[in-house]
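An overview of the molecular structure
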Protein chains: 2
Amino acid sequence: MALTHKGLEHEARATRFGEIAAIEGGEVKTVPALRDGARLVVDSWAIARYLEEAYPERPSLFGGPGGEAVTRFVQSWTGAVLHSGLVSLIVADIWQRLPPEDRDYFRRTREQRFGRTLEEVQAGREERVGALRASLQPLRIALQDAPFLGGAQPLYADYLAFGGLQWARTISPFAVLAADGPLQDWLGRRLDLHGGLGRAAPAA
Amino acid sequence: MALTHKGLEHEARATRFGEIAAIEGGEVKTVPALRDGARLVVDSWAIARYLEEAYPERPSLFGGPGGEAVTRFVQSWTGAVLHSGLVSLIVADIWQRLPPEDRDYFRRTREQRFGRTLEEVQAGREERVGALRASLQPLRIALQDAPFLGGAQPLYADYLAFGGLQWARTISPFAVLAADGPLQDWLGRRLDLHGGLGRAAPAA
């Protein structure tokens, strides 16, 4: 979304967990990673900042220095609230949809992190999804006055929050936002962005 | 904080709940309200936007249009998470510190809102304060890389989050942030801003 926002032609390559170690001759430990000529940039936040600095004449991802600073808070919220809330609802669904070669790695590392089986982590999600929906209240309120967190147009802050929900939408059939009109509308607006780029990835 | 950030001389007047209806001949229903010559502006967000527009040559509160848009998310988070979390921990303390003339009004309106007595709302706060501290995780993460949400310097986003904690600090002796090093440091930096403006209001 950030690359397309900037109008930069690019080739996107999906990868498996087991293949990450081989990317760029072992220089990359995590994805996303961006190769741009001589530059290799790893981590989505670092990539967004790189794109903003390297392509200042293209549409801005932050809308100025204050926007970049404050977007860091949206990123923190996305990680601490949205992603961590979502993973506890869909982690076993993720495992089910992984290619067989990645399943052992994923189960071992995630069960170590949670101290429970993936199925135990995900259990009772029908009762817990209400807490996740409640935790999205800041998003609902912020979107009452404008179609995007960036205002009339999306900024990187929108892609941050969108990324979490798109991740859940494409990897799990569980209805995270069911019957949540305002957020469904907002998700729809993001899926429509950049010629429906988000819709190109089908729902699970 | 916003007026001082802009370097604007002003007179701040505290008010009682019972006196709000008389401010500006009844034109004001809520505080804060700002009278600036012919203009009367009510609501802190509206005041911040007004100051930014009316005094563009002064230090910016948002750091550009993207900053203003994204700060709306910080404001939403502050209201939905910080303020609403804090009020359930200190609402009876607030009542205790109100002047006698305001106590009935405050108790009646707040108990109606909560559907319980103030003392019931506040009960068990020692067990619940952990949840509030956990909910501040986005703030902690965002402040790992920079001293302020605005980056090297504070922006209005900082005053938003500061406002809630300053409110709790000055109206209740309850230790909301006890033993929370990173957030204590950040609160200290904010209290020191603008010549210690925040410290001028004593802790409860």
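This text gives an overview of the structure that appears in the document. From a predicted model like this one, the values you see are computed outputs, not experimental measurements.

Before going further, it helps to examine the overall build of chain A. Across its full length, chain A carries nine helices and two strands. Listing every helix and strand of chain A by position from the N terminus yields α-β-β-α-α-α-α-α-α-α-α. For chain A, whose C-alpha radius of gyration is 18 Å, the value lies close to the compact-globule estimate of 17 Å for 204 residues. Overall size of chain A, expressed as C-alpha extent along the three principal axes, is 50 × 45 × 30 Å. For chain A, the share of sequence-separated contacts (at least 6 apart) that also reach a separation of at least 24 residues comes to 65%. Only carbon and sulfur atoms are counted for the fraction: they give 53% of the accessible area of chain A, which is about 10,100 Å². Across chain A, 24 positive and 25 negative side-chain charges occur, with their mean positions spaced 2 Å apart.

A few words on the packing of aromatic side chains. Per the stated rule, a full pass over the model turns up 13 aromatic pairs over all chains. An angle of 55° between the planes, with centres 6.0 Å apart, marks the rings of Trp45 of chain B and Tyr156 of chain B as tilted. One end of the pair, Trp45 of chain B, is in helix 2 (residues 44-54); the other, Tyr156 of chain B, is in helix 8 (residues 156-171), with 111 residues separating them in the sequence. Under the relative-accessibility criterion, Trp45 of chain B is labelled buried at 8%. The exposure class assigned to Tyr156 of chain B is buried, which follows from its relative accessible area of 6%. An aromatic cluster of at least three residues, connected via ring pairs, comprises Phe73 and Trp77 of chain A together with Phe73 and Trp77 of chain B.

A word on the pairing of strand 2 (residues 39-42) of chain A. Residues and elements named next belong to chain A. In this structure, strand 1 (residues 33-36) lies alongside strand 2, joined through four bridges in antiparallel fashion. In the strand pairing of strand 2, Asp36 is matched with Arg39. Connecting strand 1 to the antiparallel partner strand 2 that follows it, the hairpin turn spans two residues, and Gly37 within it adopts a positive phi of roughly 60°.

Each side of the interface is counted separately: chain A has 27 residues, and chain B has 27 residues. The tally of links between chain A and chain B comes to two salt bridges. We note a salt bridge from Asp145 of chain A to Arg72 of chain B, for which the minimum N-O separation is 2.0 Å. Seen at the junction of chain A and chain B, the total is six residue pairs in polar contact (both at pLDDT 80 or more). Of all the elements in the fold, those that place two or more residues in the side of chain A that touches chain B are helix 3 (65-97) and helix 7 (137-142) of chain A. Considering every element that reaches the side of chain A that touches chain B, the biggest residue donor is helix 3 of chain A, with 13 residues. Residues belonging to the side of chain A that touches chain B are distributed by class as follows: 16 nonpolar, nine polar and two charged.

The subject of this paragraph is the side chain of Asp93 of chain A. All names here are of chain A. Positionally, Asp93 belongs in helix 3. Within the structure, the side chain of Asp93 is placed 2.8 Å from the side chain of Arg125, a separation counted as a polar contact. With residues up to four places along the chain from it excluded, the contact list for Asp93 reads Gln122, Arg125, Ile171, Ser172, Pro173 and Phe174.

Before going further, it helps to examine the environment of Glu19 of chain A. Mapped onto the elements of the fold, Glu19 of chain A is located in the loop between helix 1 (2-5) and strand 1. In sequence terms Glu19 of chain A and Ile171 of chain A are 152 residues apart; their C-alpha atoms lie 19 Å from each other.

Right, let's get into the relation of the copies chain A and chain B. The transformation that overlays chain A on chain B combines an axial shift of 0.0 Å with a rotation of 180°, and the residual RMSD is 0.0 Å. Each copy turns onto its partner about a two-fold axis. In terms of proximity to the rotation axis, the leading residue of chain A is Gly67 of chain A, whose C-alpha is 1.7 Å off the axis. A symmetric contact is evident, with 100% of the interface residues of chain A recurring at the interface of chain B.

So, how was this worked out
Residues numbered from 1 in each chain as written. Chains lettered and ligands numbered in written order. Predicted model: local features only at pLDDT ≥ 70, side-chain atom pairs only at ≥ 80, totals over all residues. Heavy atoms only, no water. Helix = DSSP H or I, 4+ residues; strand = E, 2+ residues; numbered from the N terminus. Rg over C-alpha atoms; globule rule 2.2 N^0.38 Å. Contact = heavy atoms within 4.5 Å. Areas by Shrake-Rupley, 256 points an atom, 1.4 Å probe, with all protein chains shown as cover. Lys, Arg positive; Asp, Glu negative; His and termini not counted. Charge placed at Lys NZ, Arg CZ, Asp CG, Glu CD. Phe/Tyr/Trp six-rings, centres within 6.5 Å; stacked < 30°, edge-to-face > 60°. Buried < 20%, exposed > 50% of the residue type's maximum accessible area, 1.4 Å probe, protein only. Pairing = 2+ DSSP bridges. Salt bridge = Lys/Arg side-chain N within 4 Å of Asp/Glu carboxyl O. Polar contact = N/O pair within 3.5 Å; in protein donor to acceptor, adjacent residues only side chain to side chain. Nonpolar A, V, L, I, M, F, W, Y, C, P; charged D, E, K, R; others polar. Least-squares fit on C-alpha atoms with pLDDT ≥ 70 in both.

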